Amino acid sequence: MISISLNNERRECDANLALAELLPLWGFECEKIAIAINGDFIPRSQYGDLRLNAGDQVDVLAPVQGG
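We now turn to the structure provided with this report. (Residues numbered from 1 in each chain as written. Predicted model: local features only at pLDDT ≥ 70, side-chain atom pairs only at ≥ 80, totals over all residues. Heavy atoms only, no water.)

1. Observations regarding the overall build of the protein
Then, in step 1: When you go through the protein residue by residue, the secondary structure sums to one helix and five strands.
Then, in step 2: Put simply, the protein runs from its N terminus to its C terminus through helices and strands in the order β-β-α-β-β-β.
Then, in step 3: Over its C-alpha trace the protein gives a radius of gyration of 12 Å, about what one expects of a compact globule, namely 11 Å for 67 residues.
Then, in step 4: Taking all 67 residues of the protein together, 34% fall into the buried category.
Then, in step 5: Of all intrachain contacts in the protein linking residues separated by at least 6 positions in sequence, the fraction that spans at least 24 positions is 48%.
Then, in step 6: When the accessible surface of the protein is totalled, it reaches about 4,300 Å², and 48% of it is carbon and sulfur. (Helix = DSSP H or I, 4+ residues; strand = E, 2+ residues; numbered from the N terminus. Rg over C-alpha atoms; globule rule 2.2 N^0.38 Å. Buried < 20%, exposed > 50% of the residue type's maximum accessible area, 1.4 Å probe, protein only. Contact = heavy atoms within 4.5 Å. Areas by Shrake-Rupley, 256 points an atom, 1.4 Å probe, with all protein chains shown as cover.)

What follows is the structure, encoded as structure tokens:
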């Protein structure tokens, strides 16, 4: 287990799981969000291969609807 920051909240997660596997555990759907890790946006095509490192700052951004 590693400690990361998810939207400015400390979380523990399994370092062996890919980002695409972690997102549903955190309540997110891959198709409806954008992800930045340590300030760099990650292409959706990399979610299945990307593994997080201890101390990573993960920002999950979801679209906001409104007018």
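From this point on, the discussion continues.
2. With respect to the nonpolar core
Then, in step 1: The biggest cluster of nonpolar side chains holds 18 residues, and the ones touching the most others in it are Leu23, Trp26, Ile35 and Leu52.
Then, in step 2: Taken together, the elements giving at least two residues each to this core come down to strand E1 (2-6), helix H1 (19-25), strand E3 (34-37) and strand E5 (57-61).
Then, in step 3: Discounting residues that sit within four places of it in the chain, Ile35 has contacts with Leu19, Leu23, Asp40, Phe41, Ile42, Tyr47, Val58, Asp59 and Val60. (Core = buried A, V, L, I, M, F, W, Y, C linked by side-chain atoms within 4.5 Å.)

3. Observations concerning the pairing of strand E2 (residues 9-13)
Then, in step 1: Here E1 pairs with E2 via five bridges, running antiparallel. By the bridge assignment for E2, Ile2 is matched with Cys13.
Then, in step 2: Remark: two residues form the turn of the hairpin made by E1 and E2, two consecutive strands paired antiparallel; Asn7 in that turn has positive phi of roughly 50°. (Pairing = 2+ DSSP bridges.)

4. Considering the sheet that holds E2
Then, in step 1: With mixed pairing, the five strands of this open sheet are ordered in space as E2-E1-E5-E3-E4. The sheet is open, and its two edges are formed by E2 and strand E4 (40-42), each paired on a single side. Taking each pair of neighbouring strands and ignoring which way they run, the sheet shows an average axis angle of 35°.
Then, in step 2: Bridge count between E3 and E4: three bridges; the pairing is antiparallel. (Axes fitted to C-alpha atoms, helices over the stretch in contact; angles between N-to-C directions.)

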